[in-house]
Amino acid sequence: MDPEHITEVVAIDGPAGAGKSTAARRLAKLLGFAFLDTGAMYRAATWRALDGGINLGDHTALALSTQQMDLRIDESDGKQTVLVDGRDVTEAIRSPEVTREIYRLDAILEVRGHLVELQRHVASLRPTVAEGRDMGTVVFPRAKCKFYLEASLDERARRRFEELRSKGIEVDFQALRDEIEIRDRKTMTRAISPLRPADDAIRIDTTHLTLDQVVDQMAARARLVF
Ligand code: DC
């Protein structure tokens, strides 16, 4: 699908824990747009590979597994449900093991190519708020509105720590901070679709902002262009 014609998109990129997901979901609801969580797609592909016992060093097998995956993501009522081959993996794709291994798939050209096609298909059907790492740079270069959300590493780790704690999961703060730092470094330095702000993206540092403030800033801008 030719990305040159897909313009009705709010593209939101940034590192882990910058507040993209929650803000993007809220923005989609405000604008009446579809919401596309592309991280969930890489997570689902990784979960499927692990579940199938695929050798994570075998690029051909990983690409094939991703292409064969029957993926359904439902975002109704502000609640996400992810089905892979008919199995509910909503919780499983957020596990530390999946999070740790995603980098094995997200740097493979054929894996990205397949998921990017799905992403463009979704956004060609309805105006969409799309969230990920390469939305503004690669997937939707003609998006009318692009944001790059960032926050200090400490603040991003703190948010993730609180999020896990609210789910009853106790983790070591320093280990979590290190894990986020390593994951971001891998994403920013990979050869294919590295994380970086698009030249025409509006950068928002969310370190000292509330969720409402972030959503308000994005909505104000989006309303000017849509
Ligand atoms: O947003 P998230 O933490 O659920 O994303 C999980 C991983 O997927 C992240 O570490 C990088 C990768 N990813 C990617 O490479 N490209 C995207 N568009 C979205 C996520």
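Shown above is the structure to which this text applies.
Residues numbered from 1 in each chain as written. Predicted model: local features only at pLDDT ≥ 70, side-chain atom pairs only at ≥ 80, totals over all residues. Heavy atoms only, no water.

Undergrad: Please give an account of the pattern of salt bridges that cites residues and values.
TA: All told, the structure shown has 21 salt bridges when counted by the stated rule. R72 serves as the salt-bridge partner of D70, at 3.0 Å between the closest nitrogen and oxygen. Residue D70 is classed as partly exposed on the basis of its relative accessible area, which comes to 32%. A salt bridge links R104 to E101, with the nearest nitrogen and oxygen atoms 3.1 Å apart. Here R104 and its partner E101 are both found in helix α4 (residues 96-106), three residues apart, which amounts to about one turn of the helix. Shared partners join several salt bridges into a network, and the residues in it are E155, R158 and R159. (Salt bridge = Lys/Arg side-chain N within 4 Å of Asp/Glu carboxyl O. Buried < 20%, exposed > 50% of the residue type's maximum accessible area, 1.4 Å probe, protein only. Helix = DSSP H or I, 4+ residues; strand = E, 2+ residues; numbered from the N terminus.)

Undergrad: Now, about helix α8 (residues 173-189): what can you tell me, with residues and values included?
TA: Taking 1.5 Å of rise per residue, the 17 residues of α8 would be expected to cover 24 Å, and the 24 Å separating its terminal C-alpha atoms lies within 8% of that figure. For α8, the set of buried residues is L176, R177, I180, R183, D184 and T187. One side of α8 carries all its buried residues, which in axial view fall inside an arc of 130°. In this structure, the buried side of α8 is in contact with α2 (38-51), α4 and α7 (153-166). (Expected span 1.5 Å × (residues − 1). Arc of directions from axis to C-beta. Contact = heavy atoms within 4.5 Å.)

Undergrad: Please set out the site of the ligand residue by residue, giving values where relevant.
TA: What surrounds the ligand is a group of 15 residues, the closest being R43, R112, D134, R183 and R190. Within the side chain of R112, one N or O atom sits 2.9 Å away from a nitrogen atom of the ligand. For the ligand, the protein covers 95% of the area, taking 450 Å² as the surface of the free molecule. Elements supplying a minimum of two residues to the shell around the ligand: α2, α4 and β6 (128-132). Ranked by residue count, the leading element in the shell around the ligand is α2, at four residues. (Near = heavy atom within 4 Å. Polar contact = N/O pair within 3.5 Å; in protein donor to acceptor, adjacent residues only side chain to side chain. Areas by Shrake-Rupley, 256 points an atom, 1.4 Å probe, with all protein chains shown as cover.)

Undergrad: Tell me about the packing of helix α1 (residues 20-31) against helix α9 (residues 211-225), residues and numbers included.
TA: Two numbers describe how α1 lies on α9: the axes approach to 9 Å, and their chain directions differ by 45°. When the axis of α1 is compared with that of α9, the two are oblique. Pair α1 / α9 crosses with right-handed handedness. Two secondary-structure elements touch here, α1 through T22, A23, R26, L27, L30 and L31 and α9 through L211, D212, V214, V215, M218, A219, A222 and R223. Class assignment of the residues belonging to the contact of α1 with α9 gives a composition of 10 nonpolar, one polar and three charged. (Axes fitted to C-alpha atoms, helices over the stretch in contact; angles between N-to-C directions. Parallel < 35°, antiparallel > 145°, perpendicular 65-115°, else oblique. Left-handed = near helix turned anticlockwise from the far one by under 90°. Nonpolar A, V, L, I, M, F, W, Y, C, P; charged D, E, K, R; others polar.)

Undergrad: Pulling in residues and values, what's your account of the packing of aromatic side chains?
TA: Evaluation of the coordinates by the stated rule reveals two aromatic pairs. Taking NZ or CZ as reference, K186 lies 3.8 Å from the ring centre of Y103, over its face. (Phe/Tyr/Trp six-rings, centres within 6.5 Å; stacked < 30°, edge-to-face > 60°. Lys NZ or Arg CZ within 6 Å of the ring centre and 35° of its normal.)

Undergrad: I'd like a rundown of the sheet that holds strand β8 (residues 202-205), residues and numbers included.
TA: Ordered in space as β2-β6-β1-β7-β8, the five strands form an open sheet in which the pairing is parallel. On the outer flanks of this sheet lie β2 (34-37) and β8, each paired with one strand and no other. The sheet shows a mean angle of 20° between the axes of neighbouring strands, taken without regard to direction. Here four bridges tie strand β7 (residues 145-150) to β8, and the two strands are oriented parallel to one another. Looking at the pairing, Y148 lines up with R203 of β8. Along the sheet, α1 contacts β1 (9-13), β2, β6 and β7; its crossing angle with β6, the most-contacted strand, is approximately 175°. (Pairing = 2+ DSSP bridges.)

Undergrad: Which residues make up the nonpolar core, and what are the values?
TA: Within the largest apolar cluster, 33 residues are counted, with the highest numbers of intra-cluster contacts made by V9, M69, L71, V84 and F140. The dominant element in this core, judged by the number of residues it contributes, is α2, at seven residues. Those residues in contact with V84, other than ones at most four positions away along the chain, are A44, W47, R48, M69, D70, L71 and V89. By size, the runner-up hydrophobic cluster in this structure holds 19 residues, among which are L149, V214, V215 and A219. (Core = buried A, V, L, I, M, F, W, Y, C linked by side-chain atoms within 4.5 Å.)

Undergrad: If you had to explain the environment of R156 to someone new, which residues and values would you point to?
TA: Relative to the helices and strands, R156 is located in helix α7. Placed 138 residues apart in sequence, R156 and A18 show a C-alpha to C-alpha distance of 5.9 Å.

Undergrad: Just give me the short version of the sheet that holds strand β3 (residues 71-74), but keep the residues and values in it.
TA: Read from one edge to the other, the open sheet built from three strands follows the order β3-β4-β5, with strand pairing classed as antiparallel. Here the strands that pair on one side only, and so sit at the sheet edges, are β3 and β5 (87-88). Inspection of the sheet shows strand β4 (residues 81-84) paired to β5 by two bridges, in the antiparallel sense. Of the residues in β5, the one forming a bridge with L83 is D88.

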